[in-house]
Structures are given as C-alpha cells and as structure tokens.
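These are the residues of each chain, in order.
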Amino acid sequence: MADAAESNGAQHTTAPSAQPRETLAPMAPRTSDALGLVAGTVPATPLKYSVSLAPGQYAQLDDVVVTERGLPGRGGIQIAGVVTNVEAVHEGARFASDVFLIEQGALPAEVCEVAEVTVTRVEPEMYVPPLPGAPVTRAAGAQRDSALYFDEMGSFKVPVGFARDGQPVYVNFEFVDGTRGAHVSISGVSGIATKTSFAMFLLHSIIHCGVLKGEAHNTKALIFSVKSEDLLFLDYANSRLTPAQREQYAALGLPADPFGNVRVFAPPRPDDPAGTPDVSARDRAVSPFYWTLAEFCEQELLPFAFADAEDERAQYTMLIGQVAARLRRDVIPAGPDGAIRIRGVDPDHDTILRSFGDLVTLLEAELGDDSTRASWVAGSAVTGSVNALLRRLRSAVRPLSVIVRGDLAYRGERSITTSKAQVTVVDLHNLPDRAQRFAVGVTLRGEFGRKERQGTARPLMFVMLDELNKYAPREGDSPIKQLLLDIAERGRSLGVILIGAQQTASEVERRIVANCAIRVAGRLDAAEAERPEYGYLPPAQRQRATLAKPGTMFIAQPDIPVPLAVDFPFPAWATRPSEKGEWAGHDAGPARPSDPFAAIAAVDDEPPY
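Residues numbered from 1 in each chain as written. Predicted model: local features only at pLDDT ≥ 70, side-chain atom pairs only at ≥ 80, totals over all residues. Heavy atoms only, no water.

### Observations regarding the pairing of strand 20 (residues 496-502)
- Counted residue by residue, strand 20 has seven buried out of seven residues, so it is predominantly covered.
- Pairing of strand 19 (residues 461-465) with strand 20, which is carried by five bridges, proceeds in the parallel orientation. Its bridge partner being in strand 20, Met461 is matched across the sheet by Val496. (Buried < 20%, exposed > 50% of the residue type's maximum accessible area, 1.4 Å probe, protein only. Helix = DSSP H or I, 4+ residues; strand = E, 2+ residues; numbered from the N terminus. Pairing = 2+ DSSP bridges.)

Structure follows, in structure tokens:
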C-alpha cells in the first residue's frame, strides 16, 4: 500500500519524553504525516480507541497504525494497533433524509470517517489510553514489525502471505513445532475457502523458509488426499505460474518451486491381479498400498474396520477386541501372498483364506455357532451383540476388499511409509468412505507408533488431514478419533504436528480444536461463522469471512491479539493434470518387474499363441 498522503491538522502537543527510548521504534511522525487524530468524541481506552481521519486520507480494515503518548516523569510510550472497523458519517445531520439537503448545500454538514483501532502492543507496557488529538500514522518498517510482534519472532518467522498493505505476514514457528504450542486448524466452505491450498503453502513455507535449519531434509509430511487427484502433482512445476506470481514468492523469501521429494501411494485397481495403483494422471513415484490378511490379523487391525463414529455404549464394540486378539494369536501364514489360516477353528471351517470376504465368512460361521462362539468371545456375550458385530463386519466386506487381501503375490514396497520421501501422499479418493477411514486410522497408528519408538521429537512429522470433522466428530467415538486426540494432546512432545482442515470447526472434537495454537479461517458459511469456535475473530472479521475470496485467510496466533487477513500466493506446484510442468522429483518409485505378467495366475487351458 502506498504511504499516506500529507494532510492538515493541529500540531501534536504531547510533551517530549523525559527518558531515553533506545529500545523503541521511532515515535509517530508529526501531524503533517498523520493518517488522522485520536477522536475525542469516542472514549479511548488502553485497548481500543478511534481515529478521526484527516481530509484526503483513508483507512481500510487490517491497516497497522501507531500513536504515542508522553507521561510526565516516565518518558514516552508507543501504542500500536490494527484497524478493525471504519465508519463514515455526516456530522451535522439528524435524519436520514438530511443527506439530500447536504448534497444540495442547503444544510451545513461535514463528512467524517472514523476508524476503530484495536491495540496490539504497548511499548513499554504501561496501559494508558492515547489522548484525543494525538496524531496517528500508518506503521511501516520497524514500527510495523513491532506492532505485529514480528521483531520478537527472530529466526522462527514463517511467511504465510501478504497483508492488505502488501507487506509479508508471518506466524511464529514456536507455536507450530511444539516449542510453545503446536497444530494448525483450518476451517472454511468446501471449494471456496482454499483450505488445502493454504495447508500446502504453509508446508512449503516451513520447509523452505529456513526455520528448520539443518533438519529440513529429514522433516516429513504425511498428506491424505481425499478429493480427486489434485494433490498427486506436488512435485510438478505449475505451468500457469506467472512472473508476477514468482515475484511474490521472492518477496516472501521463498523459492517458486514445487516440492522436490514426493512419493504417492494409491490403492490397487479393483479386480487387478497385478495390484496396479488406481491413478490416472500420475505415472512416476507412485506405489500401490494394501494390507495382507496376515498383517490384518497380526497387527490387530479389526477395530479400524469399525472406524466410523459409534455410540460408545454399543455392546458389540466390547467384542471387537476379543475377536481381534484371537485372530492375532491363532493366525497362520499360508504362502507368500498374505493368505492365512486360523488355528483351532471347526474342521469344517478350516480352509485357506485369500480375501477379506473369506475371513468374514469364517467369523460368521464360528460366531454364529453356539458350540464355537465361546472360543472367540466371552461366554456371556449376548446373541444380539454378536449379530450386530457380524452385520457391521459383513457391510465392510465390499469397501475393504480392495485394500485388505491375500491374493497378490508381489508386495515389494507396497506398505505406506514416510521413510522413502520427504512428502508422502496417500491417495484415498477412489476408496469408499469406510475404506478411507480404515486407511487413515491404520496409517496414523503406524506412523505415530514409529515416532513413539524413535523417542525424539526431531525431526518433525507433519500430518495434513482434510475433512477432520469426519474422522474426529464431536459426537460418538471411534479408534481414529482416539488416535487423533492422542496426536493433538501428546503429538507436540513427540514431534507429530497435525494440520487439520474442515468445513465446520463446530463439528470437530473440542479437545482437538482447543489444542491447535494456530487457527485459520477462509470463506465461512454465515451460520457457521456465528459459532463460538470462531470467537477468536472480531465481529467485523466474522462478517468479512462470509465474503472472503479464494486465497484470503484470517490467521490467529497467540503472539498477536488480533487475527490478520492474509492473501497467500498462487501454488508453485501443479494442482491438476492440466497444470503439470517440469517434474522436480528424483525418485521414480519401485522398479518395474522384469515380467509384468508374473503376478497373474496361469491358466492350464489357455490357448497357445
């Protein structure tokens, strides 16, 4: 934003400071450079005051301003703040219709604009109100950095975009990495709020801005892609990026480059005996993922087949752990393809299980028979609870059969891991909702457990999960919800940082939102904006959030008393196939098998060629 134009007004009459002020930024300039004067018709308090704008001047929301006050025997203080509201009125008018008389010159009146300022910082900390008539100027340079606490962030500044004055805005990394707080919550209307785009820009900024120092190379990011294939091209340059947009990255001290080390995991294509990843527009650094039946039993993954939110009073939930424990104890691998047998079952049911449906059929036979049920669950188990368990399990067969199987001979690197790349993307958009929950829950449990065994918080691991309200809803309970709660409450000490995005923060478990030190809102639904979860937004910003354009976010952080409106740059990485430019990766994924047909079972009566 251009500097304020010169305006007329009375000279500042505050007595000069009686004490040296070496630690302060320069005091506000005299009236000739002022945006306006502290209004005398509105009470000024130590935390809020109003400014009468000088003729020819204007103020917009989010402008950073500064004024001063001298105290006898105590020196001068600097009072900085952010414009949170602006009003324009006719002084001298009594009725709404007077505007026509004033316009015709029949009624004397003056147009007056008054800006409301919310105080962000007082240096030194002596909370007294500014005096009416004191000049107020726009803050710039060191004054602006002081007003927004950027000067105290030191080497922990992470650029997140530009303010309305065109200057960079930062968040304090100490409130992200667990030093003084952790986790990020991003809310907004789907398709308009650009939640995922901002989350990816935040990750890009953290990795490249220097706050990670020597740990940047080993820092990991685990990203779950739940909507189309838009996140599968993070390591491709964006062919639509213009020179002007590249300059925005340079102004923030960031490279206008895509992510350089990305690995994608996608589920196998249904009915494909070779286990080819189910993606259409990416052809490198992509691997299929699935869990074998042996892993399903040995790792006690059965609870995640019931990962949608359930009433914790439901009786059948108590039986899940008993069945999972029996599967782990009695599973017997049956070949290299993940097929299994279960020890101790009725001889009539003893067969090799090669699909999730086979396993469910066995459980139905064993639990449905009074003579064998007691070996699986407590003898006092109510038949109704057992039947409820089996109904839920049968309904999971179709969605889970693609990613829980025992019929693929070659496994190779088909296990989701963050050890192969800096950024790991798990593509879930082709899976049914229930399979998505299973994959998210099992993957998070594995990576969180790895960090626990590692025993150190560094290097950090960021987890980006969209639709957080689906995985950790306010009502009900599930294994995933408990896992996300654990990450929100203990992840800070283990170096696991959650970046959660959701349409409605009011529908996310309260304890997860409460543990997020950084809160971000994009375009909000009008009814959602009135929820108490957005109490960190002043009334004017709540209303503005219902009008925000894509790319505008309101960021609240503990360092700054007022949320800041930020515009972040256009992505430097491709967000759809049509934007794919040059590939920046270096790992093309697992080597192709020498015989691509080796995984397909032979057929004896196949005709010769």
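Structure's up, so let's keep going.
### Observations regarding the pairing of strand 7 (residues 157-162)
- The element strand 7 is largely enclosed, with a buried count of five among its six residues.
- Where strand 7 and strand 8 (residues 168-172) come together, five bridges link them in antiparallel fashion. Note that in strand 8 the partner of Val158 across the bridge is Val171.
- Where strand 7 folds back onto strand 8 in an antiparallel hairpin, the turn is made up of five residues, including Gly166, whose phi is positive at roughly 80°.

### Points about the nonpolar core
- Counting 75 residues, the largest nonpolar core has Phe289, Phe356, Ile403, Phe438 and Leu484 as the members making the most contacts within it.
- With near-sequence residues (within four places) excluded, Ile403 lies in contact with Pro267, Pro268, Phe289, Tyr290, Trp291, Leu431, Ala435 and Phe438.
- Counting 74 residues, the second largest nonpolar core, distinct from the first, contains Tyr236, Phe259, Val262 and Ile560. (Core = buried A, V, L, I, M, F, W, Y, C linked by side-chain atoms within 4.5 Å. Contact = heavy atoms within 4.5 Å.)

### Describing the side chain of Glu229
- By secondary structure assignment, the location of Glu229 is in the loop between strand 10 (220-225) and strand 11 (236-238).
- Put simply, Glu229 is tucked away with no salt bridge, and the nearest opposite charge, on Arg269, sits 8.0 Å away.
- One polar contact links the side chain of Glu229 to the main-chain amide nitrogen of Ser280, over a distance of 3.0 Å.
- Within the structure, the side chain of Glu229 is placed 3.3 Å from the backbone nitrogen of Ala281, a separation counted as a polar contact.
- For Glu229, the contacting residues outside a window of four places in its chain are Asp278, Val279, Ser280, Ala281 and His429. (Lys, Arg positive; Asp, Glu negative; His and termini not counted. Salt bridge = Lys/Arg side-chain N within 4 Å of Asp/Glu carboxyl O. Polar contact = N/O pair within 3.5 Å; in protein donor to acceptor, adjacent residues only side chain to side chain.)

### Describing the pattern of salt bridges
- This structure, assessed with the given rule, holds 34 salt bridges.
- In this structure, the salt-bridge partner of Asp559 is Arg180, at a minimum N-O distance of 3.8 Å. Of this pair, Asp559 sits in the loop between strand 22 (552-557) and strand 23 (560-567) while Arg180 sits in the loop between strand 8 and strand 9 (184-187); the two residues are 379 residues apart in sequence, bridging distant segments of the chain.
- Classification of Asp559 by relative accessible area gives buried; the value is 15%.
- For Arg180, a relative accessible area of 43% puts it in the partly exposed group.
- Taking the shortest distance from any N to any O, the salt bridge between Arg373 and Asp370 comes out at 3.0 Å. Of the two residues, Arg373 and Asp370 both sit in helix 9 (residues 370-373), three residues apart, roughly one turn of that helix.
- Given a relative accessible area of 14%, Arg373 falls into the buried group.
- One network of salt bridges, in which partners are shared, links Arg121, Glu123, Asp151 and Glu152.

### Quick look at the packing of aromatic side chains
- Evaluated as defined, the whole model comprises eleven aromatic pairs.
- Consider the rings of Phe150 and Tyr170, whose centres lie 5.2 Å apart with planes at 85°: the pair is edge-to-face. With a gap of 20 residues between them, Phe150 in helix 3 (residues 150-153) and Tyr170 in strand 8 connect regions that are remote in the sequence.
- Look at Tyr170 and you get buried, because its relative accessible area is 16%.
- Their ring planes at 70° and their centres at 6.3 Å tell us that Phe233 and Tyr236 sit as a pair that is edge-to-face. Each member of the pair Phe233 and Tyr236 is classed as buried.
- Linked through ring pairs, Phe289, Trp291, Phe296, Phe356 and Phe438 together constitute an aromatic cluster.
- Over the ring of Tyr149 we find Arg121, and its NZ or CZ is 4.7 Å from the ring centre.
- Just above the ring of Trp583 sits the side chain of Arg284; from NZ or CZ to the centre is 4.2 Å. (Phe/Tyr/Trp six-rings, centres within 6.5 Å; stacked < 30°, edge-to-face > 60°. Lys NZ or Arg CZ within 6 Å of the ring centre and 35° of its normal.)

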